[in-house]
Amino acid sequence: MNTISDLFFGLADSQLPSRQVTEYIGFTQSDSFFQLALAKNTRITTLRKHFSREGFNRIFLSANLAGFEFAMPGFSTGFLEKGFFQNADPIELNRKKALLDGAVVIINNNDVDMSCYADIYNHCDKTCFIGWDWDNHHWLELSTFLAAHSDIYAPAHHENLYLLSRYNWLTCGPVYCATVQWSRRFLTDHLSEMLQADRSAEPLGKHIPYTPFRFRLQVITTLSQHYSSIGFSDRTFHVRTPGERLREWYSHKMHWIVPVLNDVPIRIFDALVTGGIPIVPESLRLLPPVNAISLEHILFYNPADIVSPKNLVARANTLFDEGGHDRIAERHRYALEHHHGNSRIRQMLSYVAELFHVKLPVG
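What counts, and where the lines are drawn
Residues numbered from 1 in each chain as written. Predicted model: local features only at pLDDT ≥ 70, side-chain atom pairs only at ≥ 80, totals over all residues. Heavy atoms only, no water. Helix = DSSP H or I, 4+ residues; strand = E, 2+ residues; numbered from the N terminus. Rg over C-alpha atoms; globule rule 2.2 N^0.38 Å. Buried < 20%, exposed > 50% of the residue type's maximum accessible area, 1.4 Å probe, protein only. Contact = heavy atoms within 4.5 Å. Expected span 1.5 Å × (residues − 1). Pairing = 2+ DSSP bridges. Axes fitted to C-alpha atoms, helices over the stretch in contact; angles between N-to-C directions. Parallel < 35°, antiparallel > 145°, perpendicular 65-115°, else oblique. Left-handed = near helix turned anticlockwise from the far one by under 90°. Nonpolar A, V, L, I, M, F, W, Y, C, P; charged D, E, K, R; others polar. Patch = residues over 30% accessible without salt bridge, like charges linked within 9 Å, V, L, I, M, F, W, Y side chains within 5 Å. Areas by Shrake-Rupley, 256 points an atom, 1.4 Å probe, with all protein chains shown as cover. Salt bridge = Lys/Arg side-chain N within 4 Å of Asp/Glu carboxyl O. Phe/Tyr/Trp six-rings, centres within 6.5 Å; stacked < 30°, edge-to-face > 60°. Lys NZ or Arg CZ within 6 Å of the ring centre and 35° of its normal.

Draft legend 1. Representation of the overall build of the chain within the structure. The number of helices and strands found in the chain is 15 helices and 10 strands. Against the compact-globule benchmark of 21 Å for 363 residues, the chain has a radius of gyration of 22 Å, which places it among compact chains. Principal-axis analysis of the C-alpha atoms gives the chain an extent of 60 × 55 × 35 Å. Taking all 363 residues of the chain together, the buried fraction comes to 49%. Sequence-distant contacts in the chain: of pairs separated by 6 or more residues, those separated by 24 or more amount to 65%.

Below, the structure is given as structure tokens:
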């Protein structure tokens, strides 16, 4: 039987990570990054003067952040239509720039068209742009661009933080992904349905198949041999009504979650807010924010569980059944309070207030 050392030294090209890190550390030592930092600092100084004088009470969220209907007392909140940051004729482009002037704009990386967004960003020197990047663990072409073209850069994951901080000294967080497909009111209005729902004892785990991530695909394929409720889905889920999506989530006692890499997926919090128990990799157990979730509300799987999942699923059913309605409501309230999109937006606005020496509106 192979020892751990045998397996470690048998990895193909085991020195590749070291070479990659050495290469990108060398890359980030370029004086060009210092010049970029100086230019961004000049912009931040201009913004600080503007907001310290005018304050801020207008916020815009890009299209991918419209589903949870953020609202905050003292703020006027607008939602930018899908394609807002795509190329437009000069008249329309000027209208967009005027609309955003003097506001705080939180843009999700999935709403960025590089050339159009860069033009708007460069010309709106009294607008604070926050880039909330959900894919900084793997989409570095866009992540580096967004870090450079935002005044506050908020990556959602732990990966690549040093590299990205070279593009933006005001890198915060991580500001983790959160439940964004339902509003707080919608979720609270449907709590009674979640409490009374007849739930399947099999784990739900439909994932979109991203072909570059072969390990993830293999995990899902292996689990699907045991449960038909685990497998691959398409993007039709995103065109369903909020109610249809909610019913799918609360129709299961538990949710088996396979991250793309070792990121903290949104679906952990979607599972909790709909009263279910997320089953997540052991590799996330000790990492924030997962390590703050009560063990009454979450279970962890190891490599052996992927091959033989039935004992863990039985534990999840027992945990759910013994908790009853009280635990369903507790999971719902916990996720709603700590891991809804509203709390993440408030977190980012607090960074604006701190950096620009202004107070958040009270109302």
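Draft legend 2. Main features of helix 3 (residues 31-54). Here helix 3 contains 24 residues, and its C-alpha end-to-end distance of 35 Å stays within 8% of the 34 Å for a straight helix at 1.5 Å per residue. Within helix 3, burial applies to Phe 33, Ala 37, Lys 40, Arg 43, Ile 44, Leu 47, His 50 and Phe 51.

Draft legend 3. Expanded view of the pairing of strand 9 (residues 277-281). With 5 of its 5 residues buried, strand 9 lies for the most part within the structure. The pairing of strand 8 (residues 254-256) with strand 9 spans 3 bridges and is parallel. The partner of His 255 across the bridge, within strand 9, is Pro 278. Across 3 bridges, strand 9 lies against strand 10 (residues 299-301) in parallel orientation. What sits directly across from Ile 279, in strand 10, is Leu 299.

Draft legend 4. Spatial organisation of the packing of helix 4 (residues 90-100) against helix 5 (residues 114-123). Their axes nearest at 10 Å, the elements helix 4 and helix 5 cross at an angle of 50 degrees. Relative to helix 5, helix 4 is oriented oblique. For the pair helix 4 and helix 5, the crossing hand works out as right-handed. Every residue of helix 5 that contacts helix 4 at Leu 93, Lys 96, Lys 97 and Leu 100 is listed here: Cys 116, Asp 119, Ile 120 and His 123. Within the contact of helix 4 with helix 5, the residues separate by chemical class into 4 nonpolar, 1 polar and 3 charged.

Draft legend 5. The sheet that holds strand 8, seen in detail. Judged by pairing direction, the sheet is parallel, and its 3 strands sit side by side in the order 8-9-10 without closing on themselves. Only two strands of the sheet have a single neighbouring strand rather than two, namely strand 8 and strand 10. Along the sheet, successive strands turn relative to each other by an average axial angle of 25 degrees, direction set aside.

Draft legend 6. Highlighting helix 5. Taken residue by residue, helix 5 has Cys 116, Tyr 117, Ala 118, Ile 120 and Tyr 121 as its buried positions. For helix 5, the elements touching its buried residues are helix 3, helix 4, strand 3 (104-108), strand 4 (128-133) and helix 6 (140-148).

Draft legend 7. Region of the structure containing a nonpolar patch on the surface. Among the surface-exposed residues, Phe 8, Phe 9 and Leu 11 lie close enough to one another that they form a single nonpolar patch of about 370 Å² accessible area. Structurally, Leu 11 can be placed in the loop between helix 1 (4-9) and helix 2 (16-27).

Draft legend 8. How the structure looks around the environment of Leu 336. Along the chain, Leu 336 turns up in helix 14 (residues 310-338). Sequence spacing of Leu 336 and Thr 274 is 62 residues, and the spatial spacing of their C-alpha atoms is 9.6 Å. Setting aside residues up to four positions removed in sequence, Leu 336 forms contacts with Arg 184, Leu 187, Thr 188 and Val 273.

Draft legend 9. Up close: the packing of aromatic side chains. Inspection of the entire model under this criterion finds 15 aromatic pairs. A centroid spacing of 5.0 Å and a plane angle of 80 degrees characterise the contact between Phe 8 and Phe 9, whose relative ring orientation is edge-to-face. Phe 8 sits in the partly exposed class, given a relative accessible area of 46%. Judged by relative accessible area, Phe 9 falls into the exposed class, the value being 65%. Here a set of aromatic residues connected by ring pairs shows up, and it is made of Phe 84, Phe 85, Tyr 117, Tyr 121, Phe 129 and Phe 145. The ring of Tyr 121 is capped by Arg 43, whose NZ or CZ atom sits 3.9 Å from the centre of that ring. Sitting over the face of the ring of Tyr 227, Lys 310 holds its NZ or CZ atom 4.7 Å from the ring centroid.

Draft legend 10. Representation of unusual backbone geometry. Here the amide bond leading from Gly 173 into Pro 174 is cis, since omega sits at 10 degrees, within 30 degrees of zero. With respect to the helices and strands, the residue Pro 174 is situated in the loop between helix 7 (161-167) and helix 8 (184-189). Backbone torsion omega between Pro 288 and Pro 289 reads -5 degrees, so that peptide bond is classified as cis. Here the phi dihedral of Glu 69 falls at roughly 55 degrees; this positive angle occurs in a residue that is not glycine. Residue placement: Glu 69 occurs in the loop between strand 1 (58-61) and strand 2 (76-79).

Draft legend 11. Geometry of the pattern of salt bridges. For the coordinates displayed, the defined rule picks out 12 salt bridges. Across the salt bridge formed by Arg 95 and Glu 92, the nearest N and O atoms sit 2.7 Å from each other. With a gap of 3 residues between them, Arg 95 and Glu 92 both fall in helix 4, about one helical turn apart. Take Arg 95: its relative accessible area is 37%, and that puts it in the partly exposed class.

Note that all results are geometric; they support no functional claim without further evidence.
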